[in-house]
Amino acid sequence: MPRSCYVHIPFCGSICYYCGFCKRLATDDLKTKWLDQIKKEIQNKTISKLDTLYFGGGTPNLLSKEMFADLALSFSGSLTEDHEWTVECNPEYITKDQLQMFHEWGVNRLSIGVQSFQDRLLKKIGRPHNAKQALEAIDLCQKLGFDNLSIDLMYGLPDQSLDDVIQDLKIFFSLGVDHLSIYSLQIEENSIFGKQGILPCDEDLEADMFEEIVKLCKEHGFEHYEISSFTRNHRYSKHNLVYWTDQDFYGIGCGATGREKGILYENTKDINAYCIRGPMPSFLSETKDERAFDAIMMSLRTQFGLDVSAWEKRYGINFFERYQKVLNHYLGTYLRWENKRLAPTEKGMEILNTILVDFLDEN
Ligand code: SF4
């Protein structure tokens, strides 16, 4: 039985220009129907024990207090004593009342979607909040005792310079927050930017930005523990580590992905259909080789890397026979062994996609 659960809350107050996620502007009536359905879905899973619970979106903290409580009640009794329960939050909806309620239910980690501390850039990407609101929201979370915070930032945005990225990081470092997730802008076909034909950031500039991000984070005592994630004081995202270490997790709600007994599934993204007929998961028919490659791909995103003997046992494949050529090519500068795990070096993280293509070619 999985010990982790992702819950997708697909409602937003406005639509960001870059967004390709499953989300909707919604009426209260639709939210009520959705809530009835998701509670049934949770019940049908008969979840017993959870070490990590993650409410992602969409904008989970857009739910009213009553709706949140109703949803949270479905998990009462399932969470272990030292659980990690993360809720993704947009700064403009964070209130004292809401944070107190989160505390009461056992939410102990907040992931705040800031994206940039510069109003000019926030406007460009269609975020409804400004920098002041974000700073006030972070301050409020800290004052109310949320010490496990993560901030989301973005780089490679239209009109964003290297100096803009540095300014955002300087502000981030001044906040005393222990976790940063920082993503480069991807132009998704189904996003407003995709439809407007906005071009992605120049590759060289994006690479320079990434290099600077890694450098500055390290200078400020942050571990680069996953391609897009940095932490100090070992505040790793326990939930995301489940994805990166080839473990099962429940995926609940319209637009959620999960994996049970090693089989990946995706719930319907059609919220009207979800409200009537439930999650209607499509099961991804991956071959054993595809699953084995996915495990390599996810593990090599992190500095903890791949437990090769566990992988060999699980997939019945001799790792060294299959990948000797790749190892010969990359070990040393780009890949390293640590405690019998194969992990990327910092340089390896920079060219991870190239390394993975070479692994894939041997499949
Ligand atoms: S980026 Fe997040 S907040 Fe913005 S529209 Fe997408 S899901 Fe909603």
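Everything discussed here concerns the structure shown above.
Residues numbered from 1 in each chain as written. Predicted model: local features only at pLDDT ≥ 70, side-chain atom pairs only at ≥ 80, totals over all residues. Heavy atoms only, no water.

### Examining the sheet that holds strand S1 (residues 4–9)
- The strand order across the open sheet built from nine strands is S7-S8-S6-S5-S4-S3-S2-S1-S9, with neighbouring strands paired in mixed fashion. Both edges of this open sheet fall to strand S7 (223–226) and strand S9 (250–252), since each of them pairs with a single strand only. Direction aside, the axes of adjacent strands within the sheet are offset by 20 degrees on average.
- For S1 and S9, the ladder comprises three bridges, and the chain directions are parallel. Across the sheet, Cys5 pairs through a bridge with Tyr250, a residue of S9.
- Strand contacts of helix H8 (residues 203–219): strand S5 (149–155), strand S6 (179–184), S7 and strand S8 (229–231), with the helix running at about 150 degrees to S5, the strand carrying the most contacts. (Pairing = 2+ DSSP bridges. Helix = DSSP H or I, 4+ residues; strand = E, 2+ residues; numbered from the N terminus. Axes fitted to C-alpha atoms, helices over the stretch in contact; angles between N-to-C directions. Contact = heavy atoms within 4.5 Å.)

### Let's talk about a nonpolar patch on the surface
- Together, Phe320, Leu331 and Trp337 line one region of the surface with nonpolar side chains, adding up to about 250 Å² of accessible area.
- Residue classification places Leu331 among the partly exposed positions, given a relative accessible area of 33%. (Patch = residues over 30% accessible without salt bridge, like charges linked within 9 Å, V, L, I, M, F, W, Y side chains within 5 Å. Areas by Shrake-Rupley, 256 points an atom, 1.4 Å probe, with all protein chains shown as cover. Salt bridge = Lys/Arg side-chain N within 4 Å of Asp/Glu carboxyl O. Buried < 20%, exposed > 50% of the residue type's maximum accessible area, 1.4 Å probe, protein only.)

### A word on the side chain of Ser150
- Looking at where Ser150 falls in the secondary structure, it is placed in strand S5.
- The class of Ser150 is buried, set by a relative accessible area of 1%.
- The residues touching Ser150, leaving out its near neighbours within four places in the chain, are Arg109, Leu110, Ser111, Ile112, Val177, His179, Leu180 and Ser181.

### A few points about a negative patch on the surface
- Taken together, Asp202, Glu203, Asp204, Asp208, Glu211 and Glu350 make up a surface patch of like negative charges.
- Here the negative patch gets four residues from one element, more than from any other, and that element is H8.
- Note on placement: Asp204 falls in helix H8.
- By relative accessible area, Asp204 is classed as exposed at 57%. (Lys, Arg positive; Asp, Glu negative; His and termini not counted. Charge placed at Lys NZ, Arg CZ, Asp CG, Glu CD.)

### Considering unusual backbone geometry
- The linkage connecting Gly57 with the following residue, Gly58, adopts the cis geometry, with an omega of 20 degrees.
- Relative to the assigned elements, Gly58 resides in the loop between strand S2 (50–57) and helix H2 (65–73).
- The residue Thr46 is not glycine, and still its phi comes out positive at about 40 degrees.
- Along the chain, Thr46 falls in the loop between helix H1 (28–45) and S2.
- Under the relative-accessibility criterion, Thr46 is labelled exposed at 55%.
- The backbone of Asn233 shows a phi angle near 60 degrees, a positive value even though the residue is not glycine.
- The exposure class of Asn233 is exposed, given its relative accessible area of 56%.

As far as function goes, none of this settles anything; it's purely spatial.
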